[in-house]
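Chain and residue survey
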Amino acid sequence: MYSRVADRFRLITSPAVFFVFILFCGMLAVYFSNAYPAIRREGVHLFLDNTWRAAEEPEEEYYGIAAAIWGSIYTSSIAILISMPLAISYSIFVVDCAPKRVKNVLIITSDVMAGLPTIIYGIWGVFVLVPFMKRYVMTPLYEHLHFIPLFSTPPISGFSYLSAGVLLAIMVTPFSSAIIREAYQMVPFRYREGAYALGLTRYEATKVLLGYIKPAIYSGLVLAFGRAIGETVAVSLVIGNSFNLTPSIFSPGYTISSLIANQFGNSFIYGHMRPVLYAAGLVLFLIGFLVNLAGMFILRRWKKNVEI
Amino acid sequence: MWKFSLRMAKDRVFIVAVSAFTILTVYPLLHIIYSVARNGLPVIMERGPTFFTGGMSEAGIGPAIAGTFLLVLLSSLIGLPIAFLVGVYAYEYPDSLIGRTTQALLQIMLEFPTVLVGVFVMDIIVLPMGTFSALAGAFALAIIMMPYVAVYTKEAMRQIPFTYREASFGLGVGRVKAIFRILVPLAKRGITTGILISMAKVAGETAPLLFTAGGLYESYPTSVTEPVGAIPLLIYTLIQSPSKDAHSMAWGASLVLLIFFLGVFIPIRRSLKVVRL
């Protein structure tokens, strides 16, 4: 046993740990205390209404952030839907098909994509992706299928939930594929041998092996969702920034983070806007927190099962 | 004789689909690099060295480059020592209550939306000081950097074989000496790469600087308590301007940022086995 008094190691490191704890608690405290006035003033309606009335008279002001919450969840869901087949295929290809050198290049490429400054995705999204989406995806779909509610908004600018979702999908796929690839690599070799010994084709064998890592796939996608929902600048550049609450994926919208990025700077002019944005931040934090918790929980449970 | 079989056909379709999707996954990066180079290179060529040294009125991004370096330097000064100690702590006490809570906390902070960090720092530093400042921007970046550095430090230390640990304690030196004089130097390489990757990461951050750094693009930063610019922040501002000139300048600045990032990231990445971002 080390005597606690003489443990200089704790003495040196504890202040740093303490500092991080204080920082985190401070962060929560700042958000709760600043959001409280808005929640007290408007109650649940703050989160359920879609109105944004910024007025010079403080009594006239009324805010509902439902559109932003919807936009955050909607764009991230689109991103995950697109990202799912990409991440799974990428993992299969890297583990099963690619020769060693191609494999290394693919893994490094994916890591670079995970770390690439988001503003570079943003500038590419605005000037390359959005015009492309508008011309080759949104306009044809609208012309032929506009009776479907999903495609019912005319794509005037191209800035929309869909563009944001696609850009997010590109940005978060490296995160989910890193987790899925790692898990797929961990599948014991004897299962692979067994599958092929049964005379299964590659497709059939892969299907069986993917069943084995299903929890890892879920957690990869859930964690990617968490990333997507917190993303700010790239999304705020391509989503169009307007308050809409519609299922139409061609409609411009808002996400919580882009709402904060756009409005926080001038919220000081108004009487009641700032607390509203803090409340929105709190919602963003809570969604991200729960989603990440779920993802880590699934992954941890699965890893435990695998190790036994 | 080859007979048509549904199973084989499915197999072929499957392999083609997997390959196509894999290409689709990494293709955006190639296209991004291509677009940035194509649109950015002419701007840099045309303006020459003034692009790297001049202020906004000379169509240069010099102050933004200086600002980014200043911010990364300051945030490292604030964040690295703390994060390093937290990482060592998490390594040394992986199973104690505080150790486990610390690890959970690091995970949460890794995933914390960066724009919220910016708003938080605005509340605790910018508003009391009454002005945007390099200090506030650097503090926001430090908060983002800390969990990365701590996790990298912990992981690098865990790579050391347990026998080294036994041997160093077996020498009879205290815990402080065993860890900081023997084990940390053994993990030096892993820790350094972790630090460099984290620095490359925060150098590209935009959202935390939105409400903290303020922006300064005409002259070079002279004081840490005054507003400062940064390349990502400048790009974000330029994209939102309606003028074509601003857009081409944004492409030029993006190329500079991209080259910085790839120049730091790829060599480190090649020397490392696992990267977490």
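Residues numbered from 1 in each chain as written. Chains lettered and ligands numbered in written order. Predicted model: local features only at pLDDT ≥ 70, side-chain atom pairs only at ≥ 80, totals over all residues.

1. Focus on the overall build of chain B
Per the secondary structure count, chain B includes 11 helices and 0 strands. Each helix (α) and strand (β) of chain B, taken in turn from the N terminus, gives the series α-α-α-α-α-α-α-α-α-α-α. For 277 residues, the compact-globule formula gives about 19 Å, and the C-alpha radius of gyration of chain B, at 23 Å, lies well above that figure. Along the first, second and third principal axes, the C-alpha atoms of chain B reach 80 × 65 × 35 Å. Restricting to contacts in chain B with at least 6 residues of sequence separation, those with at least 24 account for 75%. (Helix = DSSP H or I, 4+ residues; strand = E, 2+ residues; numbered from the N terminus. Rg over C-alpha atoms; globule rule 2.2 N^0.38 Å. Contact = placed C-beta atoms within 7 Å.)

2. What about the overall build of chain A?
From N to C terminus, chain A includes 12 helices and 2 strands. Judged by the C-alpha coordinates and their principal axes, chain A covers about 75 × 75 × 30 Å. Buried residues in chain A amount to 49% of all 308 residues. (Buried ≥ 20, exposed ≤ 12 C-beta atoms within 10 Å, placed from the backbone.)

3. So, the interface of chain A and chain B
On the chain B side, the residues contacting the 65 residues of chain A number 68 residues. Per element, the largest residue contribution to the side of chain A that touches chain B is 14 residues, and it comes from helix α1 (residues 8-42) of chain A. For the side of chain A that touches chain B, the per-class residue count stands at 42 nonpolar, 19 polar and 4 charged. (Nonpolar A, V, L, I, M, F, W, Y, C, P; charged D, E, K, R; others polar.)

4. Remarks on the confidence of the model for chain B
A residue-level look at chain B finds 97% of positions with pLDDT of 70 or above and a mean pLDDT of 91. In the model output, the complex is listed with pTM 0.92 alongside ipTM 0.92. (pLDDT = per-residue confidence, 0-100.)

5. Structural notes on the environment of I160(B)
Residues and elements named next belong to chain B. Summarising the element assignment, I160 is placed in the loop between α6 (134-158) and α7 (162-170). With 17 C-beta atoms packed within 10 Å, I160 lands in the partly exposed category. Beyond its immediate stretch of four places on either side in the chain, I160 contacts R165, L183, L186 and A187.

6. Brief notes about helix α3 (residues 66-97) of chain A
Residue and element names in this part refer to chain A. The end-to-end C-alpha distance of α3, which contains 32 residues, comes to 45 Å, matching closely the 46 Å that a straight helix rising 1.5 Å per residue would cover. In the structure, α3 departs most strongly from a straight axis at S83, where the bend amounts to approximately 35 degrees and where the proline P85 lies between one and four residues downstream. Here α3 lies mainly inside the structure; 23 of its 32 residues are buried. (Expected span 1.5 Å × (residues − 1). Bend = angle between axes of the 7 residues up to and from the residue.)

7. A short note on the environment of I143(B)
In this fold, I143(B) is placed in helix α6. For I143(B), a count of 25 C-beta atoms within 10 Å gives the class buried. Measuring from C-alpha to C-alpha, the distance between I143(B) and L216(B) comes to 22 Å, with 73 residues separating the pair along the chain. When neighbours within four sequence positions are excluded, I143(B) is seen to be in contact with L23(A) and V117(B).

8. Let's talk about the packing of helix α5 (residues 118-145) of chain A against helix α1 (residues 6-47) of chain B
Running from amino to carboxyl end, α5(A) crosses α1(B) at an angle of 80 degrees, the nearest separation of the two axes being 10 Å. By the criterion of interaxial angle, the relationship of α5(A) to α1(B) is roughly perpendicular. Across from I120(A), W124(A) and V128(A) in α5(A), the residues of α1(B) making contact are I32(B), S35(B) and V36(B). Residues of the contact of α5(A) with α1(B), tallied by class, amount to 5 nonpolar, 1 polar and no charged. (Axes fitted to C-alpha atoms, helices over the stretch in contact; angles between N-to-C directions. Parallel < 35°, antiparallel > 145°, perpendicular 65-115°, else oblique.)

9. Comments concerning unusual backbone geometry
Not every positive phi belongs to a glycine, and N241(A) is a case in point at roughly 45 degrees. Mapped onto the elements, N241(A) comes out in the loop between α10 (233-238) and α11 (256-263). Although it is not a glycine, A59(B) sits at a positive phi angle of roughly 60 degrees. For A59(B), the position within the fold is in the loop between α2 (50-53) and α3 (62-92).

10. Remarks on the packing of α1(A) against helix α5 (residues 114-129) of chain B
The relative placement of two packed helices is expressed as an angle between their axes plus a distance between the axes. Following both chains from N to C, one finds α1(A) and α5(B) inclined at 85 degrees, their axes separated by 10 Å at the closest point. On the basis of the axis angle, α1(A) is roughly perpendicular to α5(B). On α5(B), the residues touching M27(A), V30(A) and N34(A) of α1(A) are F120(B), D123(B) and I124(B). Considered class by class, the residues forming the contact of α1(A) with α5(B) number 4 nonpolar, 1 polar and 1 charged.

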